[in-house]
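Analysis of the macromolecular model
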Amino acid sequence: MKSNYNQCLKGKVVHMYGDSTVRQWFEYFDNSPKQTGPYMIWDNAKNILVTYRVHGPPLSFIYVPTSELRYIANEIDGLVGGTNTVVVFSVWAHFSPFPIELYIRRLQSIRRAVIRLLNRAPDTLVVIRTANLRGLTPSESLNYSDWYTLQLDKVLRAVFKGFNVRLVDAWEMTLAHHLPHNIHPGRPIVKNMIDILLSYICTK
């Protein structure tokens, strides 16, 4: 982990949950490609713990042992929380082919878990990575078009509007960047996202 990140994250526990777009953030800290996890980075000298776990079904194009399937709400319910705890999640990429009602129910479940977390540990920082534009082939556009993704993004923002959470606006960040659209944005865009995440964590 880079030294300037070390200083910012000293004494912090960062839990990342969700699809491969938030896994990119974990990979940025670890400098190596991963799959579904669970994964962990531990810096003993700086007392830093960063974890990643994929969200529960629906999932597409990846193999996950059933013993490792977890729902984000259940994982959040298992956290103590507190001043040094950061919860990051991104859940959208695998939901495009399904009725939006499924996505709404999933977000409502996560929202209830976030409410419970903030009730027992109000100083916990919760950060949500929004959806981003994809690079699509004609066949992929049938189930994964950016129009579908935009509907999911609007729902996510509505569900968490007014809550004590922070957003990293991946949609606008990918839209504004000169790099081609991609389900997994290029490293310069990921770095920009990480910088925003750290600005939330390291307010000083």
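Read on for an overview of the structure. Here the structure is a predicted model, which is why all the values come from computation and not from measurement.

Calculation rules
- Residues numbered from 1 in each chain as written.
- Predicted model: local features only at pLDDT ≥ 70, side-chain atom pairs only at ≥ 80, totals over all residues.
- Heavy atoms only, no water.
- Helix = DSSP H or I, 4+ residues; strand = E, 2+ residues; numbered from the N terminus.
- Rg over C-alpha atoms; globule rule 2.2 N^0.38 Å.
- Buried < 20%, exposed > 50% of the residue type's maximum accessible area, 1.4 Å probe, protein only.
- Areas by Shrake-Rupley, 256 points an atom, 1.4 Å probe, with all protein chains shown as cover.
- Lys, Arg positive; Asp, Glu negative; His and termini not counted.
- Charge placed at Lys NZ, Arg CZ, Asp CG, Glu CD.
- Core = buried A, V, L, I, M, F, W, Y, C linked by side-chain atoms within 4.5 Å.
- Contact = heavy atoms within 4.5 Å.
- Pairing = 2+ DSSP bridges.
- Axes fitted to C-alpha atoms, helices over the stretch in contact; angles between N-to-C directions.
- Expected span 1.5 Å × (residues − 1).
- Parallel < 35°, antiparallel > 145°, perpendicular 65-115°, else oblique.

On to the overall build of the protein, then. Tallying secondary structure elements over the protein gives 8 helices and 6 strands in all. Starting at the N terminus, the α and β elements of the protein follow one another as α-β-α-β-β-α-β-α-β-α-α-β-α-α. Computed over its C-alpha atoms, the radius of gyration of the protein comes to 16 Å, within 12% of the 17 Å expected for a compact globule of 204 residues. Projecting the C-alpha coordinates of the protein onto the three principal axes gives extents of approximately 50 × 35 × 35 Å. Within the span of the protein, comprising 204 residues, buried residues form 50% of the whole. When the accessible surface of the protein is summed, it comes to about 9,900 Å², and 54% of that surface belongs to carbon and sulfur atoms. Taken as two groups, the 23 positive and 15 negative side-chain charges of the protein have centres that lie 5 Å from each other.

Further remarks concern the nonpolar core. Core analysis: the biggest nonpolar cluster contains 30 residues, and Met 16, Trp 25, Val 88 and Ile 194 have the highest contact counts within it. Of all the secondary structure elements, the ones that give two or more residues to this core are helix H1 (3-9), strand S1 (13-18), helix H2 (20-30), strand S3 (48-54), strand S4 (85-90), strand S5 (125-129), helix H7 (170-176) and helix H8 (187-201). Looking at this core, the element that brings in the most residues is H8, giving 7 residues. Apart from the residues within four sequence positions on either side, Val 88 is in contact with Val 14, His 15, Met 16, Tyr 17, Val 22, Trp 25, Val 127 and Leu 197.

Attention shifts here to the sheet that holds strand S2 (residues 39-43). Sheet architecture is open: 6 strands sit in the order S2-S3-S1-S4-S5-S6, paired in mixed fashion. One side of each edge strand has no neighbouring strand; the edge strands of this open sheet are S2 and strand S6 (166-168). Each strand axis lies, on average, 15° off the axis of its neighbour in the sheet, ignoring direction. As paired strands, S1 and S3 are joined by 6 bridges and run parallel to one another. Paired with Met 16 across the two strands is Tyr 52, which belongs to S3.

Turning next to unusual backbone geometry. Here Pro 57 and Pro 58 are connected by a cis peptide whose omega angle stands at 10°. Tracing the sequence through the fold places Pro 58 in the loop between S3 and helix H3 (72-77). Unlike most non-glycine residues, Asn 47 shows phi in positive territory, near 55°. Inspection of the secondary structure assignment puts Asn 47 in the loop between S2 and S3.

With 14 residues, helix H6 (residues 146-159) should reach 20 Å at 1.5 Å per residue; the first-to-last C-alpha distance of 20 Å fits that figure. All buried positions along H6 are accounted for by Asp 146, Thr 149, Leu 152, Asp 153, Val 155, Leu 156 and Val 159. Close packing links the buried residues of H6 with helix H4 (100-120), S5, helix H5 (141-144) and H7.

Helix length check: H8, at 15 residues, gives a terminal C-alpha distance of 21 Å against a target of 21 Å (1.5 Å per residue), a fit within 8%. Buried within H8 we find Ile 189, Val 190, Met 193, Ile 194, Leu 197, Leu 198 and Ile 201.

The interhelical angle for the contact between H2 and H8, taken along N-to-C directions, is 90°, at an axis separation of 10 Å. In terms of axis orientation, H2 runs roughly perpendicular to H8. Contacts between H2 and H8 involve Gln 24, Trp 25, Tyr 28 and Phe 29 from the first element and Arg 187, Val 190, Lys 191, Met 193, Ile 194 and Leu 197 from the second.

As far as function goes, none of this settles anything; it's purely spatial.
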